[in-house]
Amino acid sequence: MSSTPQAITGVILAGGQSSRMGQNKALMSLGGKRLVDRVVEVMREVFRDLLMVTNTPEVYADLGIPMVRDVWPEKGSLGGVYSAIYHVITPYCLVVACDMPFLNAAVLRYLITQMADYDVIIPDVLDELQTLHAIYSKACLQPIENFRRPSNACGPAARGSLADTLNILAFCRVDAHHFPLRDKLWDLDHQSCLGRSWLHRRRGRRTAHCRLGFDNAKINSHR
């Protein structure tokens, strides 16, 4: 049963093309259960309110959770994160990818305890920011819109990176060494990862072959 306050919504992104995997990763089975079912099961443990961002809602109709489409179709994870923040009615949302087979409720709850008055709370794993396993406030909307808007000067390079954009907000980088079971942040990009990750999970080992798969921007925590 969920235990989080109503100030935050759990959001699952299921809009990726799965080009490297060659099929819809969310529907692939691991240990007899679809990846998306694993993610939804954990998210339901933590959140009272759930939302899925997907452009194929008919594929996930059996999950029984509210679904919305991308505000910016075919814009990748940036569009998915923006759509999550845009659509939720709560001040905050915790965004995860649909293909994280070992998502952990304790890690999610730990992130929530770090919210304080930050606008962005992102885990740092091996110097990579896990932007698809992070908390965002509504304050992120305008900076992301500004980042996407064509520059009046010298094009995208003049605008800097998305990391630079979020860096103007109250930003918290959470060191994953503080997490229980930090290897739970895997997602999957190749079919070979699926079998290896399950085997290594059962053996209690980490699978180096499965990428973390998130932005590697370097941003210092600050308010």
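What this report covers is the structure whose coordinates are included nearby. Keep in mind the model is a prediction, meaning the values are calculated, not measured.

Section: unusual backbone geometry
Phase 1: At Ala 116, a position not held by glycine, the phi torsion is positive, near 45°.
Phase 2: Locating Ala 116 in the fold gives a position in the loop between helix 3 (105-113) and strand 7 (120-125).
Phase 3: Residue classification places Ala 116 among the exposed residues on the basis of a relative accessible area of 57%.
Phase 4: The phi dihedral of Leu 126 falls on the positive side, at around 55°, and the residue is not glycine.
Phase 5: Along the chain, the position of Leu 126 falls in the loop between strand 7 and strand 8 (128-129).

As for the packing of aromatic side chains
Phase 1: The final tally for this structure, using the stated rule, is two aromatic pairs.
Phase 2: Look at Trp 72 and Tyr 82: their rings are 4.0 Å apart centre to centre, the planes differ by 10°, and that puts the pair in the stacked class. Residue Trp 72 is located in the loop between strand 5 (67-68) and helix 2 (76-87), and its partner Tyr 82 is located in helix 2; the two are separated by 10 residues in the primary sequence.
Phase 3: For Tyr 82, a relative accessible area of 4% translates into the label buried.
Phase 4: Aromatic pair Tyr 82 and Tyr 86: ring centres 6.0 Å apart, planes at 25°, arrangement stacked. You can see Tyr 82 and its partner Tyr 86 sitting in helix 2, four residues apart, about one turn around the helix.
Phase 5: Taken together through their ring pairs, the aromatic side chains of Trp 72, Tyr 82 and Tyr 86 make up a single cluster.
Phase 6: A cation sits over an aromatic face here: Arg 148 above Trp 72, 4.3 Å from the ring centre.

Some words on the packing of helix 1 (residues 35-46) against helix 3
Phase 1: The interhelical angle for the contact between helix 1 and helix 3, taken along N-to-C directions, is 45°, at an axis separation of 9 Å. Classified by the interaxial angle, the pair formed by helix 1 and helix 3 is oblique. For helix 1 against helix 3, the interelement crossing comes out right-handed. On helix 3, the residues touching Val 42, Met 43, Glu 45 and Val 46 of helix 1 are Ala 105, Leu 108, Arg 109 and Ile 112.
Phase 2: Among the residues making up the contact of helix 1 with helix 3, the classes are represented as six nonpolar, no polar and two charged.

Conventions we followed
- Residues numbered from 1 in each chain as written.
- Predicted model: local features only at pLDDT ≥ 70, side-chain atom pairs only at ≥ 80, totals over all residues.
- Heavy atoms only, no water.
- Helix = DSSP H or I, 4+ residues; strand = E, 2+ residues; numbered from the N terminus.
- Buried < 20%, exposed > 50% of the residue type's maximum accessible area, 1.4 Å probe, protein only.
- Phe/Tyr/Trp six-rings, centres within 6.5 Å; stacked < 30°, edge-to-face > 60°.
- Lys NZ or Arg CZ within 6 Å of the ring centre and 35° of its normal.
- Axes fitted to C-alpha atoms, helices over the stretch in contact; angles between N-to-C directions.
- Parallel < 35°, antiparallel > 145°, perpendicular 65-115°, else oblique.
- Left-handed = near helix turned anticlockwise from the far one by under 90°.
- Contact = heavy atoms within 4.5 Å.
- Nonpolar A, V, L, I, M, F, W, Y, C, P; charged D, E, K, R; others polar.

Shape is all these values report; function is a separate question.
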